[in-house]
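# A closer look at the structure
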Amino acid sequence: MKLLRKTSWLLLPVCAPLCFIGCATPQATRVDSAGGRSLTTVRGINMQDWNDAADTMINSLRENFINAGKLQAPEGKPALLAISRIVNNTGTQIDTDLLVKKIQIALSRTDKVVTSTTIGVGGVADVIAEEEKRRARLLGVEPSRPNYTLSGKIIEQTARAGNVREASYVFQLSLTKIPEGVAAWEEERTITKQGTRGSVGVW
Amino acid sequence: MRILPFFIIGVALVALAALPGCTTVNTVERAQPIAQRQMVDDKRIVTDSSLNRRVQIVGVNQSNGAGGLLKVQVEVLNTTRSLQHFNYKFEWFDESGTVIGTPTSAFLPRQLEGKESMFLTATAPTAIAKDFRLKLLQDLR
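Residues numbered from 1 in each chain as written. Chains lettered and ligands numbered in written order. Predicted model: local features only at pLDDT ≥ 70, side-chain atom pairs only at ≥ 80, totals over all residues. Heavy atoms only, no water.

Residues and elements named next belong to chain B. When strand β1 (residues 55-64) meets strand β2 (residues 70-78), the two strands line up antiparallel, connected through 9 bridges. Of the residues in β2, the one forming a bridge with N64 is L70. In sequence, β1 turns back onto β2 through a hairpin of 5 residues, with G68 there showing a positive phi of about 80 degrees. (Pairing = 2+ DSSP bridges. Helix = DSSP H or I, 4+ residues; strand = E, 2+ residues; numbered from the N terminus.)

Right, here's the structure in full:
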């Protein structure tokens, strides 16, 4: 009993700071979006999923298309890529630029591909550049036509067994050669997440 | 002596509980592989010895494609008999050792079944990338 009393006094300075930590008000903390600490939910595409899908697509493009010598570009110029429709077949509204923009950046860094900002589905990325292009056409300057278009689809598949819920997100992309209209490169990446109702995040 | 039966039951329960987590992978491959890998001498800096014990790097090899981009392949092995989660990230450097930023310079989650090996592959973001570094991080969730 005496020993217990002695040791409990010794434990006090160790335990006291722990109590303070427990009393601290919860604070918002900034986490690295490229790190492994961002939140993961079963339902919905999280930052890690976008990074994962983009990494697979970019690696495949570099390895199976560019590095394999399949990229065909005009003499001495990089190939021109136009972004076509990326269909969202998931139950939630998503901005497909979270995937496409990463691919555009990665391709432009290879110095072998440039992306058009004046050709696009449902509106161009740069309105001023589009206006200038129209003006140049009136002056007889023929604008460059794209050599490739990028299109794709994001599909959601859900399942449930008892308390366990599962969501799969399938990312499909195709690079089409213009004017032939044939797929020059295709890739698919499926990300599956499982969790219970009580797990982190919102179902 | 009275404790012994309880001890045996306890050990049996722990063993039963551990069973679902111990699923290992069996593999088969050509005894004399035709493909010859161009292995790379690597330098390893281990700060998380626990992760290093569970997920080990078996070897690193590289190749160059027609497009002039360096391709790296790292074989990792789960040395344990249970499922292991980890994150990895490749970094690329140019000739002067300056890091080359990419839009996907992020830790990517992967999982390995017991005794399973996996190849982590990456192709250099640009032709000026001459060196690489692979970072392995334990699952943070």
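With that settled, the discussion passes to the interface of chain B and chain A. Chain B puts 25 residues into the contact, and the matching count from chain A is 27 residues. Note on chain B versus chain A: buried area summed over both sides is about 2,200 Å², and carbon and sulfur give 49% of it. Where chain B touches chain A, the interface holds 2 salt bridges. For K71 of chain B, the salt bridge identified is with E63 of chain A, shortest N-O distance 2.7 Å. Applying the counting rule to chain B against chain A returns 11 residue pairs in polar contact (both at pLDDT 80 or more). Only β5 (108-112) and β6 (117-123) of chain B provide two or more residues apiece to the side of chain B that touches chain A. (Contact = heavy atoms within 4.5 Å. Buried area = accessible area lost by both parts, 1.4 Å probe. Salt bridge = Lys/Arg side-chain N within 4 Å of Asp/Glu carboxyl O. Polar contact = N/O pair within 3.5 Å; in protein donor to acceptor, adjacent residues only side chain to side chain.)

Our focus in this paragraph is the pattern of salt bridges. Should the charged atoms of two oppositely charged side chains come close, the side chains can pair. For the structure on display, the rule yields 12 salt bridges over all chains. With a shortest N-O distance of 3.1 Å, D52 of chain A and R189 of chain A are connected by a salt bridge. Of the two residues, D52 of chain A sits in helix α2 (residues 47-66) while R189 of chain A sits in strand β5 (residues 182-196), which places them 137 residues apart along the sequence. A relative accessible area of 5% places D52 of chain A in the buried class. A salt bridge links E75 of chain B to R37 of chain B; the shortest N-O distance between them is 3.4 Å. On the criterion of sequence distance, the pair formed by E75 of chain B in strand β2 and R37 of chain B in the loop between α1 (3-18) and α2 (49-54) is long-range, its members being 38 residues apart. Of the residues examined, E75 of chain B reaches a relative accessible area of 14% and is grouped as buried. (Buried < 20%, exposed > 50% of the residue type's maximum accessible area, 1.4 Å probe, protein only.)

A few words on empty space enclosed by the protein. The tally for this structure, following the rule as stated, stands at 3 cavities of 30 Å³ or more. The calculated volume of the largest cavity comes to roughly 120 Å³. Lining the largest cavity are 15 residues; nearest its centre among them are D55 of chain A together with F90, W92, T104 and A122 of chain B. At the level of elements, α2 of chain A together with β3 (84-93) and β6 of chain B are the ones that each hand at least two residues to the lining of the largest cavity. Here the residues of the lining of the largest cavity are counted per class, giving 6 nonpolar, 6 polar and 3 charged. (1 Å grid on protein atoms, 1.4 Å probe; cavity = no way out; pocket = protein on both sides within 12 Å on 5 of 7 lines; lining within 4 Å. Points joined across faces, edges and corners; volume = space filled by probe spheres on them. Nonpolar A, V, L, I, M, F, W, Y, C, P; charged D, E, K, R; others polar.)

What follows is about the nonpolar core. Counting residues in each nonpolar core, the largest one holds 33 residues, and the members touching the most others are I103 and F171 of chain A. For this core, the elements supplying multiple residues, two or more each, are α2, β1 (79-89), α3 (97-109), β3 (148-161), β4 (164-177) and β5 of chain A. Sort the elements by how many residues they give to this core and α2 of chain A lands first, with 8 residues. If we skip the residues at most four places from it in the chain, I103 of chain A touches M57, I58, L61, L150 and L173 of chain A. If you look at the next biggest cluster of nonpolar residues, it comprises 20 residues, including W92, L112, A122 and L134 of chain B. (Core = buried A, V, L, I, M, F, W, Y, C linked by side-chain atoms within 4.5 Å.)

Residue and element names in this part refer to chain A. Pairing is mixed across the open sheet formed by 5 strands, whose spatial order is β2-β1-β3-β4-β5. If you trace the sheet from one side to the other, it starts and ends with β2 (113-120) and β5, each paired once. Within the sheet, the average angular offset between the axes of one strand and its neighbour, ignoring direction, is 25 degrees. The sheet contact formed by β1 and β3 spans 7 bridges and is parallel. Across the sheet, the residue bridging to I83 is L150, located in β3. (Axes fitted to C-alpha atoms, helices over the stretch in contact; angles between N-to-C directions.)

Applying the stated rule across the entire model yields 5 aromatic pairs over all chains. Residues W50 of chain A and F171 of chain A carry aromatic rings whose centres are separated by 5.8 Å and whose planes lie at 70 degrees to one another, so their mutual orientation is edge-to-face. Residue W50 of chain A is found in helix α2, and its partner F171 of chain A is found in strand β4; the two are separated by 121 residues along the sequence. Across the pair, F171 of chain A and W50 of chain A agree in class, each one buried. Judged by centre distance (5.5 Å) and plane angle (90 degrees), the ring pair of F65 of chain A and Y148 of chain A falls under edge-to-face. Here Y148 of chain A lies in strand β3 and F65 of chain A lies in helix α2, a separation of 83 residues in the sequence. In this pair, the class of F65 of chain A matches that of Y148 of chain A, namely buried. Taken together, the ring pairs in this structure connect Y88, F90, W92 and F132 of chain B into an aromatic cluster. (Phe/Tyr/Trp six-rings, centres within 6.5 Å; stacked < 30°, edge-to-face > 60°.)

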